[in-house]
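If you want the building blocks of each chain, they are given just below.
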Amino acid sequence: MTPSVRLQEMIRVIRSARTQGEERGIIQKECADIRAQFRQGDNGERSHSLAKLLYVHMLGYPAHFGQMECVRLIASPRYSEKRIGYLGAMMLLDEKQDASLLITNSIKNDLSHSSQYVQSLALCTLACMGSAEMCRDLAPEIERLLRASNCYIKKKATLCAVHIIRKVPELAELFTPSARSLLSEKNHGVLHGAVVLITELCEHNPDTLDQFRKLYRLLLLFFSYHFISYSPEHNVAGISDPFLQVRILRLLRILGHNNDTASDAMNDLLAQVATNTDSSKTAGSAVLYETVLTIMDINSESGLRVLAVNILGRFLLNNDRNIRYISMTSLQKIVQTDHNAVQRHRGTIVDCLKDQDTSVKRRALELSLALVSAVNIRSMMKELLIFLSTCPPELRSQTTSGIFNVAERYQQSFVLHIYLFAGGDVRDETVPNLIQLITTASELHCYTVHKLYRALVKEISQQPLVQVACWCIGEYGDLLLKGECEEIEPVTEDDVLDALETVLQSHMSSPATRGFALTATMKLSTRITDNVDRIRSIVSIYGSCIDLELQQRAVEYNALFKKYDHMRYRRVFSYVQLQMKAPSGNVIPAHGLGQVTQTVVLNNPNKASLPCLFLCSCLSH
């Protein structure tokens, strides 16, 4: 390649490269030629060289050495060079670089240029990469151009004013008078920019919002007149000017928020737009979605809010997953305030759980959980459990925890089934909650301990399930050994101890799970008589465990077998109430060693419990 090669030829050669290494070689050689041309000064090829460098930058290769060349070309009197210079400044410069400050004076001069095209280049560049300092210096020039007679310049200046307000909010007052007059313009581009500018002004300054509150009547009249008439040049898929519709609806939402008078005036127009807009096209869906957001954000009538929810419900049937996603996101936000209206679309929402897209499934899951109530708990739980059996791994934990929380709130009988089905995916903080539920359901103790024991024998990798099972075996082991449950085979003492010993020795058991199993083994020593020596042997092994929690428990439990063995069988029944404080600070009644240990483990299962020696001293008194 030669230095005089044109941009088209360079692109063709780069694209013909067969390997990445060959492409890098071509670009390195061309960049060296571009540097050489930049050093030669004004040779008429600077703009072409910068254009080639911009293409190199678009491919992801370094092009920072062309920044100063952009500054030189912007200062050039020729339009062709200015155009490439401004384009390069927008691509290679940003507000964090010192070189951007060098073009401030050139932009100021070009804003007063006689050619509207040169002015346009300066306005576009300032709107693209203008820093806060540049905006402060050039804001008066932009405000002057907002009052220009040229609609082309006025449109560019309006969008540039929006950028200035975002960078320097305190300059918003400078553009407020001009923004109001721009709404009377007939040019479509100027009108669109005026709506965007007023929206930005109202969002940044509450005082400015109060000044523009009365504009809602003008916007409503304009909306009705403009969109009833057909505008073919701004028509998109049969929808008349959807971009301007969306912008005006967004501005109406801001003006009508917490304003009863404006909200009442908007109701009829919003109902008309929501009813007459075709949702089969993406442009129509965009207008309807913005209409829904406006209805929900202003003080609209209840019937209109139901209509908005129904529109979102229709979006759930759309083939476009993006539309379904934004529909469920919006329904999630309003389900608490309009629960009954959203409840009507429960079937469609549940069907979205079968979608192939994981993000849609996640939104459908969150919305389905929010729709569960005491009335529909059984039908919704059935659907959620079906989803749990087929959901992707990344959603399994969220699904299980969500179902558990819902079941705990409305239908506690489902909680044990959820643990048995997917206990490994339940969060650890739910373990004390389930233990509390089991404690209060005395009529299910026998059934629960048998079910959890069978689950423990079958699978010990699900740690939350194992922890609850160990607690139940330790507390209700006598029911397990008696075999009083119908259609359930009785269990021997050796079977129970084998299961607990397996948990203690398994590499899958966490220290917290081993703590549950060790405490359960000790509690069984007051319920069985033939295997006390085996229990003593199991407990003594962990007296030298590397885990301090297990070591402390084992040492204290060993002390019960030795120095305090005469108290181990002592039980305190209902005629004696021992009041003591648990780690949580709540006063609880304890019925013997088993119940005391149960309460301590329930309130603080993962930390060191009250020392057993202290418990023994309490019992002895």
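For clarity, every value in this text was computed on a predicted model and none was experimentally measured.

### Focus: the overall build of the protein
- Per the secondary structure count, the protein includes 34 helices and 4 strands.
- Within the protein, buried positions represent 52% of all 621 residues.
- Contacts in the protein between residues far apart in sequence, at least 24 positions, make up 66% of those at least 6 positions apart.
- About 29,300 Å² of surface is accessible on the protein, with carbon and sulfur atoms providing 51% of the total.

### Remarks on the packing of aromatic side chains
- Enumeration over the complete set of coordinates arrives at 3 aromatic pairs.
- Between Phe38 and Phe65 the ring centres are 6.5 Å apart and the planes differ by 55°, which places this aromatic pair in the tilted class. Taken together, the residues span a long stretch of sequence, with Phe38 in helix α2 (residues 20–39) and Phe65 in the loop between α3 (46–58) and α4 (67–74) at a distance of 27 residues.
- Aromatic side chains Trp471 and Tyr476 sit 5.6 Å apart centroid to centroid with 80° between the ring planes, which places their arrangement in the edge-to-face category.
- The ring of Phe65 is capped by Arg35, whose NZ or CZ atom sits 4.0 Å from the centre of that ring.

### A look at the nonpolar core
- Within the largest apolar cluster, 111 residues are counted, with the highest numbers of intra-cluster contacts made by Ile142, Leu255, Met266 and Leu331.
- If one sorts the elements of this core by residue count, helix α11 (residues 188–204) sits on top with 9 residues.
- One finds Ile435, Val491, Val496 and Leu504 within the second-largest nonpolar core, a separate group that totals 48 residues.

### Section: the packing of helix α26 (residues 445–458) against helix α28 (residues 493–505)
- For the pair α26 and α28, interaxial distance at closest approach is 10 Å and the crossing angle is 50°. Considered as vectors, α26 and α28 are oriented oblique to each other. Of the two elements, α26 crosses α28, and the hand of that crossing is left-handed. For the pair α26 and α28, the contacting residues are Tyr453, Leu456 and Val457 in the first and Asp495, Val496, Ala499 and Val503 in the second.
- Residues that form the contact of α26 with α28 fall into these classes: 6 nonpolar, no polar and 1 charged.

### What about the packing of helix α6 (residues 104–111) against helix α8 (residues 132–146)?
- Two elements in contact, α6 and α8, have axes whose closest approach is 11 Å; the angle formed by their N-to-C orientations is 5°. As the angle between them shows, α6 and α8 are arranged roughly parallel. Residues Thr104, Ile107, Lys108 and Leu111 of α6 touch α8, and the partners they reach there are Met134, Asp137, Leu138, Glu141, Ile142, Arg144 and Leu145.
- Here the residues of the contact of α6 with α8 sort into 6 nonpolar, 1 polar and 4 charged.

### Quick notes on helix α27 (residues 463–482)
- Under the 1.5 Å per step criterion, the end-to-end length of α27 is 27 Å for 20 residues, consistent within 8% with the ideal 28 Å.
- Roughly 80° is the biggest bend found in α27, and it falls at Tyr476.
- α27 sits mainly inside the fold: 17 of its 20 residues count as buried.

### As for the confidence of the model for the protein
- On average, residues of the protein carry a pLDDT of 77, and 81% of them reach 70 or more.
- For the protein, strand β3 (residues 578–581) is the element with the lowest average pLDDT, namely 28, and helix α9 (residues 151–167) is the one with the highest, namely 91.
- Low pLDDT, under 50, characterises residues 570–621; the stretch is placed with 84 contacts to residues that sit more than four places away or in other chains.

### Points about the environment of Asn205
- Following the sequence through the fold, Asn205 ends up in the loop between α11 and α12 (206–212).
- Relative accessible area serves as the criterion here: at 16%, Asn205 is assigned to the buried category.
- Spatially, the C-alpha atoms of Asn205 and Ala172 are 7.9 Å apart, while their sequence positions differ by 33 residues.

### A word on the pattern of salt bridges
- Within this structure, the stated rule accounts for 25 salt bridges.
- For the salt bridge of Lys82 with Asp110, the shortest nitrogen-to-oxygen distance reads 3.0 Å. One end of the pair, Lys82, is in helix α5 (residues 79–92); the other, Asp110, is in helix α6, with 28 residues separating them in the sequence.
- Between Arg324 and Asp355 there is a salt bridge, and its shortest N-O distance comes to 2.3 Å. Here the residue Arg324 occupies a position in helix α18 (residues 321–334), and Asp355 occupies one in the loop between α20 (346–351) and α21 (358–371), the gap between them amounting to 31 residues.
- Taken together, the shared-partner salt bridges in this structure form one network comprising Arg46, Glu69, Arg72, Arg78 and Glu81.

Cut-offs applied
- Residues numbered from 1 in each chain as written.
- Predicted model: local features only at pLDDT ≥ 70, side-chain atom pairs only at ≥ 80, totals over all residues.
- Heavy atoms only, no water.
- Helix = DSSP H or I, 4+ residues; strand = E, 2+ residues; numbered from the N terminus.
- Buried < 20%, exposed > 50% of the residue type's maximum accessible area, 1.4 Å probe, protein only.
- Contact = heavy atoms within 4.5 Å.
- Areas by Shrake-Rupley, 256 points an atom, 1.4 Å probe, with all protein chains shown as cover.
- Phe/Tyr/Trp six-rings, centres within 6.5 Å; stacked < 30°, edge-to-face > 60°.
- Lys NZ or Arg CZ within 6 Å of the ring centre and 35° of its normal.
- Core = buried A, V, L, I, M, F, W, Y, C linked by side-chain atoms within 4.5 Å.
- Axes fitted to C-alpha atoms, helices over the stretch in contact; angles between N-to-C directions.
- Parallel < 35°, antiparallel > 145°, perpendicular 65-115°, else oblique.
- Left-handed = near helix turned anticlockwise from the far one by under 90°.
- Nonpolar A, V, L, I, M, F, W, Y, C, P; charged D, E, K, R; others polar.
- Expected span 1.5 Å × (residues − 1).
- Bend = angle between axes of the 7 residues up to and from the residue.
- pLDDT = per-residue confidence, 0-100.
- Salt bridge = Lys/Arg side-chain N within 4 Å of Asp/Glu carboxyl O.

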